[in-house]
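Report on the structure
Chain residues, written in single-letter form:
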Amino acid sequence: MMNLTLYHLKQSPSQRTLWLLEELNLPYDLKIYQQHISENEDDELKQFNPAAKFPTLVLRDDINTIPIVLTESSAIAEYCSHLTQLLGIQKLSHHEIIDYYFWKNFADSSFMQNLTLKQIFTKIVFHTPFPIRILTRLIKRGFDHGFLSQSLEQQLQMIDSQLQNHLWITGEHFTIADILLWFPLKACIEFDRKYQQHPEIQRYLAQIESRPAFKTALVKGQWSAQTFQEYWSGAN
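Described in the following lines is the structure provided in the data block. (Residues numbered from 1 in each chain as written. Predicted model: local features only at pLDDT ≥ 70, side-chain atom pairs only at ≥ 80, totals over all residues. Heavy atoms only, no water.)

This brings us to the overall build of the protein chain. What the protein chain contains, in helices and strands, is 9 helices and 4 strands. Listed by position from the N terminus, the elements making up the protein chain come as β-α-β-α-β-β-α-α-α-α-α-α-α. The proportion of buried residues among the 236 residues of the protein chain is 47%. Partitioning the contacts of the protein chain with sequence separation of at least 6, the portion at a separation of at least 24 is 69%. Accessible area of the protein chain: about 12300 Å², with a carbon and sulfur share of 54%. (Helix = DSSP H or I, 4+ residues; strand = E, 2+ residues; numbered from the N terminus. Buried < 20%, exposed > 50% of the residue type's maximum accessible area, 1.4 Å probe, protein only. Contact = heavy atoms within 4.5 Å. Areas by Shrake-Rupley, 256 points an atom, 1.4 Å probe, with all protein chains shown as cover.)

If you look at the biggest cluster of nonpolar residues, it comprises 54 residues, and the most contacted ones within it are Trp19, Leu20, Leu57, Phe111 and Ile159. Beyond its immediate stretch of four places on either side in the chain, Trp19 contacts Phe174, Asp178, Ile179, Trp182, Ile208, Arg211, Ala213, Phe214 and Ala217. Listed in part, the 9 residues of the second largest apolar core include Tyr33, Leu45, Ala52 and Phe54. (Core = buried A, V, L, I, M, F, W, Y, C linked by side-chain atoms within 4.5 Å.)

What follows is about unusual backbone geometry. Each neighbour pair has its own omega, and for Phe54 with Pro55 the value is -5°, a cis peptide bond. Locating Pro55 in the fold gives a position in the loop between α2 (45–48) and β3 (56–60). The backbone of Asn25 sits at a positive phi, close to 60°, despite the residue not being glycine. Positive phi, normally seen in glycine, also occurs at Ala52, with a value near 55°. Its place among the elements puts Ala52 in the loop between α2 and β3. The exposure class assigned to Ala52 is buried, which follows from its relative accessible area of 4%.

So, in structure tokens, the structure goes:
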């Protein structure tokens, strides 16, 4: 019998891992954090993950005394899919498997990296004292218009195009690729109303948000749609 403990940060990408565990119907203990753990702060999470990053999933069984510790959302998703033989490539065609591996990795690499850059530049501007802030704001604006905004729009168009002929991102079957893609996709459309003009993405997100496991995870994870919207729209 495997005992799972998820260390979860509210309003963060670790919401996907909580949703994953609900989709897989895996029993787990949930440790919810309101904010990141500081470098000098003592916390039980540091026993398993000294960097105290979220999500962290700790797996214990009745045989081995040393627990398995998993970090990184995509790694956790892959392992749990392997453990249960669900939501992976099990039911996919050869072409769908290719799409699965692309979109699963796209979510936390190319896509999420651009969103992270948006937040980094926003925080740089915010924490820069006046009058230097004028310069950092101009640099942010130039980077947004010259690269980030265009790149994000291209990525959204690519996702919308993929969904025109697919129920889920890889095809007819819901997979962990959909779980991993949800957070950056939801964050992206909060930046600017222009990003909400993709009908297939809107259909896709509504479809995700209607899943019972998704709704249960939102409640357990203490998700706030308003807080999420305010945080990501502030990066525009």
